[in-house]
Amino acid sequence: MDTGTWPRAAARRELDAAGVQPHLRPAYQRCRVLNAAHGRTYFLATRLLAPAQRPAVHALYGFARWVDDIVDDTDESRTVRDRQQAVDQLDDKLRAGLRAGNSEHPILAALVDTVARHHIDPTLFTDFMASMRMDLTVRSYPTRAALDAYIHGSAAVIGLQLLPVFGTVCPAGEAEPYAAALGGAFQLTNFLRDVGEDLDRGRVYLPLEELAVFGVDQERLVWCREAPDLPVRRALADQVARTRSKYRAAEPGIALLAPWSRPCVRTAFTLYGEILDRIVESGYDVFRRRLAVSGPRRLEVAAGALGAVVAARLLSRRTNV
């Protein structure tokens, strides 16, 4: 058996379980590949979902990643205007696809199908595209309110998009604030993990007024590329504490999800939260390398969730009898 046989077979089982039509399968498969390649923690967590749920998650992730890659294109021959036009063209195709209920685009075909299947609010994608456009021109955020406005479109809406796929044991509106908060917590974790990479792009995704309390500005962050000094470590420790509070606010929402979706979200919650632990353990050295939870630890957490997956699926079968 070649190394690609098993992933292809797994993808077929998922698409079969979801009842995806043959003409849409290449788009879903492309989204799945994007998820596996670029979202290791998220992709691992999706393995804990029922097979029928996974294609929708891959479609939502694949679309978000596709847009993000356009915005962050490092090809120096492509100007901001070039990337703006590419985003605008994609947005036009997205709006047309959502109106028509179908698309010929290699990524949007899966996304549009997912939106229709799960009755996802189309305005969430309008908000997402607005934040992606901000990345083309905005380099820093002076206040927490300004950053939160960006995070709403870049991350909170992702949690809201996923909520209909995961299902809830309560009216969806009761779970929405928690889903949005968890999306925001994940995004804030990314910002802390990627300080060095973002500086290379001329960006800072930490509120400047909060950094200034510790005597830190963008120039000082650049100066600390080799090793963070005490003021920078204190500023980053403050940002970690604020992000942990976001996780605490989001955690009660996990219990509001359908039982068969909770292990997936709990796994992502745990592993992403542990990125903050790695940041603290490194002495807040987020400038020279991307800190991550180790592969064995990711597998350990996922394996620990398998029991909950089995129990939830057995309960679901008994309930449906």
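What comes next is a walk through the structure. (Residues numbered from 1 in each chain as written. Predicted model: local features only at pLDDT ≥ 70, side-chain atom pairs only at ≥ 80, totals over all residues. Heavy atoms only, no water.)

A word on the side chain of T46. As for its placement among the helices and strands, T46 is situated in helix α3 (residues 40–46). Other than its neighbours up to four places away in sequence, T46 contacts N35, R54, V57, H58 and C264. (Helix = DSSP H or I, 4+ residues; strand = E, 2+ residues; numbered from the N terminus. Contact = heavy atoms within 4.5 Å.)

The next thing to look at is the packing of aromatic side chains. The final tally for this structure, using the stated rule, is 13 aromatic pairs. In this structure, R266 packs its charged tip against the face of F269, placed 5.3 Å from the ring centre. (Phe/Tyr/Trp six-rings, centres within 6.5 Å; stacked < 30°, edge-to-face > 60°. Lys NZ or Arg CZ within 6 Å of the ring centre and 35° of its normal.)

Moving on: the environment of R139. Among the structural elements, R139 can be located in the loop between α7 (123–137) and α8 (144–166). Every residue in contact with R139, bar those within four places of it in the chain, is listed here: R201, G202, R203 and V204.

What follows concerns the packing of helix α5 (residues 80–100) against helix α6 (residues 108–118). At a closest axis distance of 10 Å, the pairing of α5 and α6 adopts a crossing angle of 40°. Taken as axis vectors, α5 and α6 run oblique relative to one another. Crossing handedness for the pair α5 and α6: right-handed. Between α5 and α6, the residues in contact are L90, K93, L94, G97 and L98 and L108, L111, V112 and V115, respectively. (Axes fitted to C-alpha atoms, helices over the stretch in contact; angles between N-to-C directions. Parallel < 35°, antiparallel > 145°, perpendicular 65-115°, else oblique. Left-handed = near helix turned anticlockwise from the far one by under 90°.)

Okay, the packing of helix α9 (residues 172–193) against helix α14 (residues 262–281) next. The geometry of α9 relative to α14 is characterised by a closest axis approach of 10 Å and an angle of 30° between their N-to-C directions. The pairing of α9 with α14 is recorded here as roughly parallel in orientation. Crossing angle aside, the handedness with which α9 passes α14 is left-handed. Between α9 and α14, the contacting residues are L182, F186, T189, N190, L192 and R193 on the first element and V265, A268, F269, Y272, I275, L276 and I279 on the second.

Attention now moves to empty space enclosed by the protein. Applying the stated criterion to the full structure yields two cavities of 30 Å³ or more. As for the largest cavity, its lining consists of F191, V195, D198, L199, R203, V204, Y205, L206 and L221. Volume-wise, the second largest cavity comes out at about 30 Å³. Lining the second largest cavity we find A11, E14, L15, Y28, Q29, R32, P55 and H58. (1 Å grid on protein atoms, 1.4 Å probe; cavity = no way out; pocket = protein on both sides within 12 Å on 5 of 7 lines; lining within 4 Å. Points joined across faces, edges and corners; volume = space filled by probe spheres on them.)

For the structure on display, the rule yields 27 salt bridges. One salt bridge connects R78 with D73, and the closest N-O pair in it is separated by 2.9 Å. For R78, a relative accessible area of 29% corresponds to the partly exposed category. D229 is the salt-bridge partner of R220, the closest N and O atoms lying 2.8 Å from each other. Judged by relative accessible area, which is 28%, R220 ranks as partly exposed. Via salt bridges that share partners, E274, R278, E281, R297 and E300 belong to a single interconnected network. (Salt bridge = Lys/Arg side-chain N within 4 Å of Asp/Glu carboxyl O. Buried < 20%, exposed > 50% of the residue type's maximum accessible area, 1.4 Å probe, protein only.)

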